[in-house]
Structure formats: C-alpha cells, structure tokens
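Residue strings, one per chain:
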Amino acid sequence: MSMEMSKPVPRSGILDIAAYVPGKEHAPGVARVFKLSSNETPLGASPKAIEAFRGAAEHLERYPDGQAKELRQAIADVHGLNVANILCGNGSDELLSLLCHTYLGTGDEGIITEHGFLVYKIQIMAAGATPVTVREKDCTVDVDAILAAVTEKTKMVFIANPGNPTGTYVAVSEIRRLHARLPKHVILVLDAAYAEYVRRNDYEAGLELVSANQNVVMTRTFSKIYGLAALRIGWMYAPVDIVDAVNRVRSPFNMNSGAIAAGAAAIRDQAFTEKAVAYNTLWIEKMTAALEAIGLKVTPSVANFILVHFPDSEGKRAAEADDFLTSRGYIVRAVRAYGFPNSLRMSIGTEEANLGLIDTLTEFMGRKA
C-alpha cells in the first residue's frame, strides 16, 4: 500500500530553484523616488505605440490574433527577415522558458555563464535539466570556458550579448568561433535584449548566424529601448523547425491585442528609437566619466546601464552605498545574486536622475566612514 501524502508535492527539483527576485521599487519615507533598478528607458514609449495601444482598447471583447501577424510582419519588415522564422511571446522570458521545455529534459545539460541572466538557470532546472555554470573573464563571456564545459549531455548554451548586469559584449567573431565548435544538435541561444543600444562595428545580434544555421536562436525584447516593459513583448528569430516545435507547446493566445498593436507601431518608429540610442550613448559616457572621477570602478557598458564596483573598505561598500542612495530616493540594483557582492547596477535615467545620482554618490564617497 502506498503512503498517502498530507499535501501536494512539487516534482523533484522544483523546490531547489531559487525564485527570481526583481529589483526593488520603493524607498520608504522618501518623497520622490528615481527608479534606476530595472533598465527602463527614461524616454518612455513612442507616441505612435501609445496611440496604437489606445486603439486596441476599442475591441477588448475580442480574442487577440493568436499568431501575432501584425507584430511579426513589422519585425520582419524592419529587420529584413522571413516572417516564418519569427515567434512572439509574453516577453522574451516566456520564449526562453518555452525553448527549455521543448528541448531540455532529465539528464540534459544547459550551459550558462557566471554573470548571466538568472532566468536561464531557473528555466533549465524547471525543465528537469542541469545547469552548468562557467566562469567569465573580466566580466565578459569566455568562449573557451564554454567549449571546455561541453559534454555529450549538453543540449543548449545561453549567452546574453550584451550581458546583464555587466553591459559587456562578445564580438561576432568569437560568437562564430563558439558556434563552429558546438555539436550540431546543441542550440546556441543568443539573448540580445540590449542589442539596439550597441554601436560597435564588431557586434552582431545574431540575425546572420540564425539565417545560416539550424541550431541558433536569437531572442529580443520590447521592454528596453522600445519602452513597453508593462506590455511584456518578446520575439524570437529561429530556424523554422525550432519555431514549429515551440509553437506546439506555447499558449494559443500568449500575447494580448494591445501588446501586438503597440509593439508593431513601436518598432516601425525607428526615428524614436534612434533618439533613444543617442540619449543613452551620451549619458553612458557622462555617467562613466563622472563616477570614475570620484574613485569608483565602472565596467565599460554598451547597454543602457552601468555596473559600478565599490571599494572594499568600511563605510564604502556596495551595500552601504545602496542604503545611502535609497535614503535619498535613488533605487538601484544590488547584484549579489549575479556574483557581484560589492557592486551595484545603475540604469541610465532622466537627466535629473542621472545628475542627482552622481551628486549623491559623490557625497557618499566623500563622507568619513
């Protein structure tokens, strides 16, 4: 006779997963708060996207288009892609989850890097597979370390390019070298959430590599430069066989009508996007120079945030800086869970927020311990 359980029990391995904890949003007791913890764009969404979203509200009684044709076509038009290779989802997080549940199982391994997006590990484990973490070099993905970790159990490799929370990137030549040495059945997942911000001649988000191969997937998001984080829009560019497989397990209406309409309008408004890029480039340089001038180390970033490293001395550590900033209304991101116990990630905000953050950290660094 089997023993009766007193309550439902999750399957093996689920309770070993450390739940994702987003950045804080509040500063208790502070009248005005500047939220710089989630890499949200200070420019907001394109007015055209907002108008499209409002238009979608006229027909809330209708189910959304389960194929998100309008959004997929807009993405295809802007990037010059085949619409059949594009799949949209409820944020790129959903697509990463679907990839894992479609291609990973018990006994499989998925390779991640030590400072990579925490969701990779969560979804690998949720699929019943084993995450294998490899070291990075100078806060940057190390291709040789990844190749050394590949075994007969490896089924997927995840790379955030640019990286989060580091802001560093891997040159396209290194990505191609990695892919060339991976077994053909291993899927290389290139998470290019911050690709639109990058202005480097040796960077490529992954479009060409996907087009030429059967085992590369690129994911992108509308939560960053397009300012649509509240709508949860992500997209995947992949070989048609992978799109077909993932389509079989995704929810039939995984995107809402407002998101589809706003996303299509946002990506077509490239003038607004270029404005956001120019603003970000200007302030990345200003913030980096200003913080280095007061004695802080900043990892060079091509994204819309900077990773700031603090002195390992009494009164000057990251945790103390975080408390000091919070007390003044500046919310930034602690990144201990990403392997940086003495660092903080800071999003590029409005001019007022950026200047205030510099002044507050200048005061913090100048005070006596």
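Residues numbered from 1 in each chain as written. Predicted model: local features only at pLDDT ≥ 70, side-chain atom pairs only at ≥ 80, totals over all residues. Heavy atoms only, no water.

1. Quick word on the overall build of the protein chain
The following threshold applies: The way it works is that DSSP assigns letters per residue, a run of H or I at least four long becomes a helix, a run of E at least two long becomes a strand, and they are numbered from the N terminus. The atom set for the radius of gyration is the C-alpha atoms, and the globule formula is 2.2 Å times the number of residues raised to the power 0.38. The cut-offs for exposure are 20% and 50% of the maximum accessible area for each residue type, with area from a 1.4 Å probe on protein chains only; residues under the lower value are buried, those over the upper are exposed, and the others partly exposed. Only four residue types enter the tally: Lys and Arg on the positive side, Asp and Glu on the negative side; His and the chain ends are excluded. For this purpose, a charge sits on NZ of Lys, CZ of Arg, CG of Asp or CD of Glu.
Along the backbone of the protein chain there are 12 helices and 13 strands. Here the protein chain has a C-alpha radius of gyration of 21 Å; the compact-globule value for 369 residues is 21 Å, and the two agree. With the C-alpha coordinates of the protein chain rotated into their principal frame, the extents come out at 60 × 55 × 55 Å. Considering the protein chain as a whole, with its 369 residues, one finds that 55% of them fall into the buried category. The positive charge centre, built from 38 side chains, and the negative charge centre, built from 41, are 1 Å apart in the protein chain.

2. Thoughts on the domain arrangement of the protein chain
What counts, and what does not: The domain boundaries here were taken from an automatic or database domain assignment. Throughout, a contact is declared for two residues whenever any of their heavy atoms are within 4.5 Å. When two parts are put together, the accessible area they lose, computed with a 1.4 Å probe and summed over both, is reported as buried area. In what follows, salt bridge is the name for a side-chain nitrogen of Lys or Arg lying within 4 Å of a carboxyl oxygen of Asp or Glu.
Under the domain assignment used here, the protein chain contains domain 1 (23-44 + 271-365) and domain 2 (47-269). The interface is formed by 25 residues belonging to domain 1 together with 27 residues belonging to domain 2. Of all residues in domain 1, the largest losses of buried area upon contact with domain 2 belong to Thr273, Val302 and Tyr338, amounting jointly to 31% of the total for that side. At the junction of domain 1 with domain 2, the criterion picks out 1 salt bridge.

3. Side note on the side chain of aspartate 108
Rule in force here: Polar contact criterion, stated in full: a pair of N or O atoms within 3.5 Å, where within protein one must be able to donate a hydrogen and the other to accept it, and residues adjacent in sequence count only if both atoms are side-chain atoms.
Looking at where aspartate 108 falls in the secondary structure, it is placed in the loop between α3 (91-103) and β3 (109-113). Within polar-contact distance, the side chain of aspartate 108 engages the side chain of lysine 155 at 3.3 Å. Apart from the residues within four sequence positions on either side, aspartate 108 is in contact with Tyr103, Ala129, Thr130, Lys153 and Lys155.

4. Considerations on α3
In plain terms, the rule: The length a helix should cover is 1.5 Å for every residue beyond the first.
For α3, which comprises 13 residues, the first-to-last C-alpha distance of 19 Å matches the rise-based estimate of 18 Å (1.5 Å per residue) to within 8%. Taken as a whole, α3 has its buried residues at Gly91, Ser92, Glu94, Leu95, Leu96, Ser97, Leu98, Leu99 and Cys100.

5. Digging into the nonpolar core
The line we're drawing: By convention a nonpolar core is built from buried Ala, Val, Leu, Ile, Met, Phe, Trp, Tyr and Cys residues, the set being connected through side-chain atoms within 4.5 Å.
Among the nonpolar cores identified, the biggest contains 60 residues, and Leu71, Ile159, Leu188, Phe222, Leu228 and Trp235 are the most heavily contacted of them. Here this core takes 6 residues from helix α9 (residues 257-268), the largest share from any one element. Three or more residues apiece are contributed to this core by two domains, here domain 1 (23-44 + 271-365) and domain 2 (47-269). Residue contacts for leucine 71: discarding those within four places in its chain leaves Cys88, Phe222, Ile233, Met255, Ile260, Gly263 and Ala264. By size, the runner-up hydrophobic cluster in this structure holds 30 residues, among which are Ile112, Val119, Tyr120 and Phe340.

6. Brief notes about the UniProt feature "domain: Aminotransferase class I/classII large" (unreviewed entry) in the protein chain
This is how it is decided: UniProt positions are given in the numbering used here, feature names are shortened, and annotations may be inferred rather than shown by experiment.
Taken from the UniProt record, the annotation "domain: Aminotransferase class I/classII large" (unreviewed entry) applies to residues 33-355. Secondary structure content for residues 33-355 is 39% helix and 17% strand, while the C-alpha to C-alpha distance between its ends is 14 Å.

7. Quick notes on the sheet that holds strand β7 (residues 216-221)
Basically, it comes down to this: What makes two strands pair is DSSP finding at least two bridges between them. Simply put, an axis is a line fit to the C-alpha atoms, just over the touching stretch for a helix, and the angle between two N-to-C directions goes from 0 to 180 degrees.
Spatially, 7 strands are ordered β2-β8-β7-β6-β5-β3-β4 in an open sheet, and the strand pairing comes out mixed. Of all strands in the sheet, those with a lone pairing partner are β2 (86-89) and β4 (130-134), marking the two edges. Adjacent strand axes in the sheet meet at a mean angle of 20 degrees, parallel and antiparallel pairs treated alike. Direction of pairing for β3 relative to β4: parallel, over a ladder of 5 bridges. Bridged to isoleucine 111 within β4 is valine 132. Seen against the sheet, helix α6 (residues 172-181) touches β5 (154-160), β6 (187-191) and β7 and runs at an angle of roughly 160 degrees to β6.

8. Considerations on the environment of alanine 192
Its location among the elements puts alanine 192 in the loop between β6 and α7 (207-212). When the C-alpha positions of alanine 192 and serine 223 are compared, they lie 12 Å apart, and in sequence the two are 31 residues distant.

9. Considerations on the UniProt feature "modified residue: N6-(pyridoxal phosphate)lysine" (unreviewed entry) in the protein chain
UniProt tags Lys224 as "modified residue: N6-(pyridoxal phosphate)lysine" (unreviewed entry). Among the secondary structure elements, lysine 224 is positioned in the loop between β7 and β8 (234-237). In this structure lysine 224 comes out as buried when scored by relative accessible area, which is 15%. Setting aside chain neighbours within four positions, we find lysine 224 in contact with Ser38, Asn39, Thr41, Ala193, Tyr194 and Tyr197. At 3.3 Å, the side chain of lysine 224 forms a polar contact with the backbone oxygen of serine 38.

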